[in-house]
Amino acid sequence: MTKTKQLAALALGGVGHIGTNMMVYECNGEYIVVDAGVSFPDEHAPGVDVIIPDTRFLRDHAKQIKAVFITHAHEDHIGAIGYCWDDFGGAPVYASPLAAMVVQGKLAELGIKPAQGQIVVTQAKEQYQVGSFSVEYVPVSHSVPESFALAIRTPHGTVVHTGDYKFDDAAPFGQKTDEARLAEIGKEGVLAVFGDSTNILKLDDSGSEGPVLAHLQKLINETKGRIVFAAFASHFGRSFAVAAYAASQGRKVCFLGRTINKFMTHAKQLGYWPASLQNMVVDAEEISGLPPEKVFIFASGTQGEGGSSLTRLSQGADVRGIKLKAGDTVIMSSRMIPGNERGILNVINGLAMLDVQVISELNDRQIHVSGHGGRPEIEKMYGLLKPRYVVPVHGEPLHLRAHEAFAKAQGYTPLRVKPGHKLVLAGEGVESAHTATQTLPHGFNYIDGLNILEHDPLILRERKAIGMGGLVAAALPIRKNGQIAGALSLTTRGLIDEVKQQKLLQLARNRAMQTLETVFPDRRIDNRQQAAEAIQKALRHTFKVERGKTPAVLVNWVEIA
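Visitor: How should the nonpolar core be read in this particular structure?
Guide: In globular proteins that are soluble, nonpolar side chains generally tend to be buried together. Leu58, Ile81, Phe255 and Phe296 are the most contacted members of the largest nonpolar core, which has 67 residues in total. When residues of this core are assigned to their parent elements, the largest contribution, eight residues, is made by helix α6 (residues 236-248). For Phe255, the residues in contact, after removing those within four places along its chain, are Phe240, Ala243, Ile260, Asn261, Met264, Trp273, Val281, Phe298 and Arg320. Core analysis: the second largest hydrophobic core is formed by 34 residues, Met23, Val34, Phe133 and Leu191 among them.

Visitor: Looking at this model, I keep getting lost on empty space enclosed by the protein. Mind explaining?
Guide: Where empty space is left can be seen by rolling a probe of water-molecule size over the atoms. Within the structure shown, the criterion is met by four cavities of 30 Å³ or more. Roughly 100 Å³ of internal volume is contained in the largest cavity. Elements with a minimum of two residues in the lining of the largest cavity: β2 (22-27) and β12 (192-196). Grouping the amino acids of the lining of the largest cavity by side-chain chemistry returns five nonpolar, eight polar and three charged.

Visitor: Would you mind showing me how to read helix α11 (residues 375-385) here?
Guide: Turning to α11, its buried residues are Glu377, Ile378, Met381, Tyr382, Leu384 and Leu385. All buried residues of α11 lie within an arc of 160° about the axis, which places them on one face of the element. Positive backbone phi, approximately 50°, marks Lys386, located one or two places after α11.

Visitor: Sorry if this is basic, but what is going on with a nonpolar patch on the surface here?
Guide: A surface patch of nonpolar side chains, about 230 Å² in accessible area, is lined by Tyr83, Leu110 and Ile452. By secondary structure assignment, the location of Ile452 is in strand β23 (residues 451-454).

Visitor: Honestly, the packing of aromatic side chains in this entry has me stumped. Any pointers?
Guide: Aromatic rings in a pair are described by how distant their centres are and how their planes are angled relative to each other. Inspection of every chain in the model, using the stated rule, returns 20 aromatic pairs. With centroids separated by 6.2 Å and ring planes inclined at 90°, the aromatic side chains of Tyr128 and Tyr137 adopt a geometry described as edge-to-face. Tyr137 shares its class with Tyr128; the two are buried. The ring of Trp273 has Lys268 lying over it, and the distance from NZ or CZ to the ring centre is 4.9 Å.

Visitor: Just checking my understanding: could you explain the pattern of salt bridges for this structure?
Guide: Two side chains carrying opposite charge are able to pair once their charged atoms lie near each other. One pass over the full model with this rule turns up 23 salt bridges. Note that Glu136 is salt-bridged to Arg181, the shortest N-O span being 2.7 Å. Within this pair, whereas Glu136 is found in strand β9 (residues 133-140), its partner Arg181 is found in helix α4 (residues 179-188), the two being separated by 45 residues in sequence. Per residue, the accessibility class of Glu136 equals that of Arg181, and both read buried.

Visitor: Would you explain the pairing of strand β22 (residues 444-448) in this entry?
Guide: If a strand is regular, its side chains alternate between the two faces of the sheet. Where burial is concerned, most of β22 is hidden: four out of the five residues are buried. With four bridges connecting them, strand β4 (residues 50-53) and β22 associate as antiparallel partners. Note that in β22 the partner of Val50 across the bridge is Ile447. With four bridges connecting them, β22 and β23 associate as antiparallel partners. Note that in β23 the partner of Asp448 across the bridge is Asn451.

Visitor: What am I meant to see in the packing of helix α3 (residues 97-109) against helix α7 (residues 258-270) here?
Guide: A packed helix pair is summarised by two numbers, namely the angle formed by the two axes and the spacing between the axes. Packing of α3 against α7 leaves a shortest axis separation of 10 Å and a crossing angle of 135°. Between α3 and α7, the interaxial angle falls into the category oblique. In this structure, α3 crosses over α7, and the sense of that crossing is right-handed. Between α3 and α7, the contacting residues are Pro97, Leu98, Met101, Val102 and Glu109 on the first element and Arg258, Lys262, Phe263, His266, Gln269 and Leu270 on the second.

Reading the values: rules and limits
Residues numbered from 1 in each chain as written. Predicted model: local features only at pLDDT ≥ 70, side-chain atom pairs only at ≥ 80, totals over all residues. Heavy atoms only, no water. Core = buried A, V, L, I, M, F, W, Y, C linked by side-chain atoms within 4.5 Å. Buried < 20%, exposed > 50% of the residue type's maximum accessible area, 1.4 Å probe, protein only. Helix = DSSP H or I, 4+ residues; strand = E, 2+ residues; numbered from the N terminus. Contact = heavy atoms within 4.5 Å. 1 Å grid on protein atoms, 1.4 Å probe; cavity = no way out; pocket = protein on both sides within 12 Å on 5 of 7 lines; lining within 4 Å. Points joined across faces, edges and corners; volume = space filled by probe spheres on them. Nonpolar A, V, L, I, M, F, W, Y, C, P; charged D, E, K, R; others polar. Arc of directions from axis to C-beta. Patch = residues over 30% accessible without salt bridge, like charges linked within 9 Å, V, L, I, M, F, W, Y side chains within 5 Å. Areas by Shrake-Rupley, 256 points an atom, 1.4 Å probe, with all protein chains shown as cover. Salt bridge = Lys/Arg side-chain N within 4 Å of Asp/Glu carboxyl O. Phe/Tyr/Trp six-rings, centres within 6.5 Å; stacked < 30°, edge-to-face > 60°. Lys NZ or Arg CZ within 6 Å of the ring centre and 35° of its normal. Pairing = 2+ DSSP bridges. Axes fitted to C-alpha atoms, helices over the stretch in contact; angles between N-to-C directions. Parallel < 35°, antiparallel > 145°, perpendicular 65-115°, else oblique. Left-handed = near helix turned anticlockwise from the far one by under 90°.

Right, dumping it as structure tokens:
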């Protein structure tokens with residue numbers, strides 16, 4: 001089979017929605033994968049733990065995958081790595097020291113043992129040759145240490161995958177965006193930039209971390225009672241800096257939350273842990289005996305996550321001996337991610353009912369800055385790289401279209417990458433960049449407890465139907481010859497009050513039996529599927545007319561000897 005000599009990209013996630021970032025780059029029949037992220041479920045996926053990209057394409061081309069490259073250690077870029085591990089066909093995974101630790105932790109949780117040398121720890125500015133690709137890690141500022149843009153060099157041209165970035169001279173741990181190196185890459189010539197679209201609608205800079213830290217220190221100085229601080233666990237540069245300042249003011253520090261404690265372990269191993277916190281961190285059980293003015297607690301759950309420590313505290317729960325009370329102050333140093341507003345407001349309202357003072361972006365704009373660059377920073381990135389094409393990624397349709405218009409206004413040629421379609425950038429016989437017509441496998445998989453629902457909406461569709469319309473379980477006794485042997489019994493959940501609405505239940509039972517006897521006049525059922533459909537139709541119609549709800553109906557047969 002002749003290899004197609006071309007450079008192309010295929011988005012398996014991160015385009016048209018926030019999260020599940022996964023981009024596949026093709027060169028001369030070989031592939032690399034950039035990132036493997038998750039997103040979190042909404043009302044369309046009830047009960048699901050996380051959502052990951054559909055990786056059927058990777059499984060079908062596993063032998064052609066040369067490597068996986070991780071840009072940084074945020075869940076929307078790294079969280080699916082364990083679930084997709086077998087789909088990479090044993091290809092090496094390249095990641096920074098921090099990201100490599102996160103990968104190893106996720107694999108261990110799933111009982112996966114990577115092969116010797118399969119995880120390759122990267123260094124900034126090093127170039128890694130894999131097949132037809134040479135990939136360089138270029139440092140960028142973001143809200144987690146060791147974030148990188150990728151300069152991907154191929155025989156057909158260079159592509160820069162920006163990952164998440166901003167320009168900040170006061171970045172956590174001093175990791176600034178390497179403008180000089182980006183400018184050098186721009187001088188070499190850049191065919192296309194696949195650029196972050198998250199803050200394209202923000203008309204000014206995202207803001208620097210320095211003023212935020214100064215403001216948080218001011219709040220600590222002004223707060224007399226107990227302080228509960230909440231931030232994204234992965235933003236441990238901010239969290240550790242604030243905790244270190246609180247410790248310098250005589251407060252003992254307690255970290256609540258599994259994820260932040262994992263990052264604490266990684267930080268100690270990598271040298272990010274502030275020396276001033278060495279003897280100032282205590283367990284939650286020790287906090288209750290300390291004066292309020294001597295306490296600083298980090299709590300997880302800035303987005304209203306159901307089982308998080310902050311959510312439970314807002315509900316008045318005792319979390320490892322810690323219970324909020326009037327006079328406490330909660331500082332929520334984060335922003336509301338679109339889709340999470342209701343859960344966050346529930347937490348804030350719960351705190352208010354406990355007479356706890358809440359400081360959040362709703363009443364203090366200095367409490368947080370984004371890790372994603374605003375429009376001037378995006379313009380700066382493109383000014384350094386001077387690409388021929390701009391390909392907006394990492395955004396919802398609103399962001400992507402605005403990014404396209406912005407790129408065009410700046411004099412660049414915008415290209416649109418469509419999920420499930422290769423974007424052909426260059427190669428033999430390629431006169432201009434274009435979208436291939438062939439539709440390739442793409443979409444979402446759902447991590448649902450111990451199951452992976454692979455591109456199969458049936459279970460979720462049924463779950464939503466039960467949630468919206470309730471459930472009716474019908475049981476009919478029949479003999480071995482199919483003869484009806486007794487009355488139909490009905491049990492409902494989430495639909496009616498069976499005690500108060502017995503007449504409605506009897507009406508539904510009668511109509512179902514009447515329909516069944518119309519289909520089977522001799523009361524002998526010789527086609528159970530047809531009988532089940534008749535019962536389901538009758539019950540759904542009855543409850544639709546009488547209650548305005550169309551329930552899910554489960555029919556069971558009770559065989560009588």
